[in-house]
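An overview of the molecular structure
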Amino acid sequence: MNCEDVHALLVAYHDGEIAPSERNLLEAHLVRCAGCRDELAALSALQSHISRSLHQRVAHAAPSPHAWSQLRARLAGEARPRPWWLGTKAERLAPGVRQPGGSTRIGGVPMNLTRLALSGLAVAVLVAGVVAVTTIGSGNSTAYAKEIAQKSYQLVSSWTPEQQRAAQQTFGIDPRTLLEEALTANDLKVLTYDDLVRQSADAVPPAPDGTDLRNLTFLQFTQDGATVVVGIDQTNLPVFVGRSDRWSAIPHRASQPAGNQK
Amino acid sequence: VDLVLIRRSQAGDEEAFGALFHEYKNLVYRTAYLMLDDAAEAEDVLQEVFYQVHRSLSTFDPTRGAFTTWLHRITVNHCLNRRRRLRLPVLSLERLPYLPRAGHVPSPEDRLADEEVIGQALRHLSDKLRATVVLRYYRDLSYDEIAQILDIPVGTVKSRVDAALTVLRRRLGPVGAGAPEPKGIAPKEERS
């Protein structure tokens, strides 16, 4: 083993990460080579310095004293009692994180928030004149509406926390909460675009991003005396929400949420 | 004790999960702080990691690996994703002057400087090298543990440690009395 061979192994040797046979050869070389001993000493000093400096750098670093209460509040919000048709918590879990040797997938369904950019005001106009209800679906409209709401809920629940937050900012409300309210409302109905047009006293404005409203399904229900309409697209994504008592409270968000897009 | 907390947390015991959080919050926060160099980002990572842990704890199997390995893995992945998203720059080797520190006894002021110097030096590492350095020299993990966390072969861990030390040695200068200049023992640095 020459000096070049030794230098290539010194870091691993210092870290105790080389095979015994290599260690014996390396140590035999060190006995007779002052240059390599100096190199090992320098390396050892460097590693000690790095380790000490890193520990010093974070010695006083600590998370906020509110960190646990923030997390607990977030988890408690998720653990509210759920209607039986939403399924078990395990079924709603996002894909897990791989343990060593397993398969990894953090995060889940990609979300295109550009589709959330419809105008809340447009929705307001769209539903403000609703005076009657036309039902669709065969047989049981309420069951059909709940089926749509449940599928949308499952989709939203599969999003990453970052996507959840982005959606919440967009809607002004956690979309899961919104859909839970739909599922627990006793007057949930499903409407087509034509239903809304027929029942609206005002003209229906065009969707600002070119989305064809005719492809959406509309869930309508009453909450706290206000009429709420949720537009659901063909992939079960809720693309907007309108509420008759605060129509203009829905912010725009034309950009894709950051992070965890696969 | 940890296994008991994990079992109880898996069974839905929120008090046990709280104890688990407090047991490991500093590990996650400080690892994230060193990875991201930003207290607010580290705070966010802490929240996201334990949220993820809470959601995924049912999939954790203690017979397949240590809880800390699993936790490190989640933490590092969150940090790497965040760095990718933030596009935090990796500085070139020539941006900052060398900081030779040979041959004197460190004073308290020097120790403060060391913290800053190592922070500057870490910014010259790619994300992958930075993660390796933090796991090896802050968490004091073995190459095998680092390999499991980063999902790379042990040989790659070794080459990353070598590469990171070469960069850091240049940035930090000779450390300790009589330390020689670097002799090019390490392979070419990886870039993420």
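See the structure shown above.
What comes next is a walk through the structure. (Residues numbered from 1 in each chain as written. Chains lettered and ligands numbered in written order. Predicted model: local features only at pLDDT ≥ 70, side-chain atom pairs only at ≥ 80, totals over all residues. Heavy atoms only, no water.)

1. A look at the overall build of chain A
Counted only if it meets this: Only DSSP runs of H or I covering at least 4 residues are called helices, and only runs of E covering at least 2 are called strands; the numbering of each starts at the N terminus. Contact criterion: two residues are considered in contact whenever any of their non-hydrogen atoms come within 4.5 Å of each other. Shrake-Rupley sampling with a 1.4 Å probe provides the accessible areas, and residues are treated as covered by the protein chains on show and by no other component.
In terms of helices and strands, chain A carries ten helices and four strands. Counted from the first residue to the last, chain A has its helices and strands arranged as α-α-α-α-α-α-α-α-α-β-α-β-β-β. Long-range pairs, those at least 24 residues apart, make up 67% of the contacts in chain A with a sequence separation of at least 6. Total accessible area on chain A is roughly 12000 Å²; 52% of this is exposed by carbon and sulfur atoms.

2. As for the pairing of strand β2 (residues 217-223) of chain A
Residues and elements named next belong to chain A. This is how the line gets drawn: In this scheme, a residue with accessible area under 20% of its type's maximum is buried, one over 50% is exposed, and one in between is partly exposed, where area comes from a 1.4 Å probe on protein chains only. Pairing between strands is defined by DSSP: at least two bridges between the two strands are required.
Burial runs high along β2: five of the seven residues are buried. Pairing analysis gives seven bridges linking β2 to strand β3 (residues 226-232), with the strands arranged antiparallel. The residue bridging Leu-219 from the neighbouring strand is Val-230, located in β3.

3. Notes on the state of the cysteines
All names here are of chain A. Here is the rule we go by: Only a pair of cysteine sulfur atoms within 2.5 Å counts as a disulfide in this structure description.
Within the structure shown, the criterion is met by zero disulfides over all chains. The thiol of Cys-3 is not disulfide-bonded; the next cysteine sulfur, from Cys-33, is found 3.7 Å away. Residue class for Cys-3 comes out partly exposed when judged on its relative accessible area of 34%. Free cysteine Cys-33: the closest other cysteine sulfur is in Cys-36, separated by 3.6 Å. Judged by its relative accessible area of 15%, Cys-33 falls in the buried class.

4. Overview of the packing of aromatic side chains
Rule in force here: Note on aromatic pairs: the rings of Phe, Tyr and Trp (six-membered ring only in Trp) are paired at centre separations within 6.5 Å, and the planes decide the class, stacked below 30 degrees, edge-to-face beyond 60, tilted for the rest. Note on criteria: charge over ring means Lys NZ or Arg CZ within 6 Å of the ring centre, with the direction from the centre no more than 35 degrees off the ring normal.
In total, this model carries nine aromatic pairs over all chains according to the counting rule given. Residues Phe-60 of chain B and Trp-70 of chain B carry aromatic rings whose centres are separated by 5.1 Å and whose planes lie at 40° to one another, so their mutual orientation is tilted. Of this pair, Phe-60 of chain B sits in the loop between α3 (39-56) and α4 (67-86) while Trp-70 of chain B is found in helix α4, placing the two residues ten residues apart along the sequence. Exposure remark for Phe-60 of chain B: the relative accessible area of 4% places this residue in the buried category. Among the residues examined, Trp-70 of chain B registers a relative accessible area of 0% and is labelled buried. An aromatic cluster of three or more residues is present, and its members are Trp-68 of chain A together with Phe-17, Phe-21 and Phe-50 of chain B. Taking the ring centre of Tyr-51 of chain B as reference, the NZ or CZ of Arg-74 of chain A above it sits at 3.6 Å.

5. Regarding the packing of helix α2 (residues 20-32) of chain A against helix α3 (residues 34-58) of chain A
Residues and elements named next belong to chain A. Put simply, the rule reads: Interaxial angles span 0 to 180 degrees and are taken between N-to-C directions of axes, which are lines fitted to C-alpha atoms, for helices over the stretch in contact. What sets the label is the angle itself: under 35 degrees gives roughly parallel, over 145 gives roughly antiparallel, 65 to 115 gives roughly perpendicular, and the rest give oblique. Lys, Arg, Asp and Glu make up the charged group, whereas Ala, Val, Leu, Ile, Met, Phe, Trp, Tyr, Cys and Pro make up the nonpolar group; the residues left over, Gly among them, are polar.
Close contact between α2 and α3 brings their axes to 6 Å; oriented N to C, the two are set at 110°. One way to sum up the angle between α2 and α3 is to call them roughly perpendicular. Along its contact with α2, which presents His-29, Leu-30, Val-31 and Arg-32, the element α3 presents Ala-34, Cys-36, Arg-37 and Leu-40. When grouped by side-chain class, the residues that make up the contact of α2 with α3 number five nonpolar, one polar and two charged.

6. Quick word on the nonpolar core
Inclusion rule: In this text, buried Ala, Val, Leu, Ile, Met, Phe, Trp, Tyr and Cys residues form a nonpolar core when linked through side-chain atoms within 4.5 Å.
Counting 80 residues, the largest nonpolar core has Ile-50 and Leu-54 of chain A together with Phe-17, Phe-50, Leu-57, Phe-67 and Val-133 of chain B as the members making the most contacts within it. The contact partners of Phe-67 of chain B, leaving out residues within four places of it in the chain, are Ile-6, Leu-20, Tyr-24, Leu-57 and Phe-60 of chain B. Ala-149, Leu-178, Leu-183 and Leu-237 of chain A belong to the second largest nonpolar core, which has 28 residues in total.

7. A word on unusual backbone geometry
Residues and elements named next belong to chain B. In this structure, Asp-37 is a non-glycine residue whose phi angle is positive, near 60°. Looking at where Asp-37 falls in the secondary structure, it is placed in the loop between α2 (14-36) and α3. With a phi close to 60°, Asp-151 is a non-glycine residue in the positive phi region. Take Asp-151: it is sitting in the loop between α7 (143-150) and α8 (154-172).

8. Some points on the pairing of β3 of chain A
Taken across its seven residues, β3 of chain A has six buried, putting it largely inside the fold. Linking β2 of chain A to β3 of chain A, which pair antiparallel, is a turn of two residues; within it Asp-224 of chain A sits at a positive phi near 50°.

9. A few points about the packing of α2 of chain B against helix α6 (residues 127-138) of chain B
The relative placement of two packed helices is expressed as an angle between their axes plus a distance between the axes. All names here are of chain B. For clarity, the threshold we go by: Handedness of each helix crossing follows the sense of rotation of the near helix against the far helix: counterclockwise by less than a right angle gives left-handed, clockwise gives right-handed.
The contact between α2 and α6 brings their axes to 9 Å, and the two run at 140°. Compared by their axis directions, α2 and α6 come out oblique. For the element pair α2 and α6, the recorded crossing hand is right-handed. Residues Arg-30, Thr-31, Leu-34, Met-35 and Leu-36 of α2 form the contact with α6, whose participating residues are Asp-127, Arg-130, Ala-131, Val-134 and Tyr-138. Here the contact of α2 with α6 is built from residues that sort into six nonpolar, one polar and three charged.

10. Quick look at the pattern of salt bridges
For the record, the criterion: Salt bridges are defined by distance alone: a side-chain nitrogen of Lys or Arg within 4 Å of a carboxyl oxygen of Asp or Glu.
This structure, assessed with the given rule, holds twelve salt bridges over all chains. Between Glu-147 of chain A and Lys-151 of chain A there is a salt bridge; the shortest N-O distance is 3.2 Å. A residue pair is termed a helical-turn pair when its members lie 3 or 4 positions apart in one helix, as Glu-147 of chain A and Lys-151 of chain A do in helix α7 (residues 141-157) at four residues. For Glu-147 of chain A, a relative accessible area of 39% corresponds to the partly exposed category. Its relative accessible area of 40% is what places Lys-151 of chain A among the partly exposed residues. A salt bridge links Lys-158 of chain B to Asp-162 of chain B; the shortest N-O distance between them is 3.6 Å.

11. A word on the side chain of Glu-48 of chain B
Rules: Any pair of N or O atoms that falls within 3.5 Å is considered a polar contact. Within protein, one atom must be able to donate a hydrogen and the other to accept it, and sequence-neighbouring residues count only if both atoms are side-chain atoms.
Relative to the elements of secondary structure, Glu-48 of chain B occurs in helix α3. Separated by 3.2 Å, the side chains of Glu-48 of chain B and Arg-74 of chain A make a polar contact. With residues near it in sequence (within four places) discarded, Glu-48 of chain B still touches Arg-74, Pro-161 and Arg-165 of chain A together with His-78 and Arg-82 of chain B.

It is worth stressing that arrangement in space is one thing and function is another; only the former is reported here.
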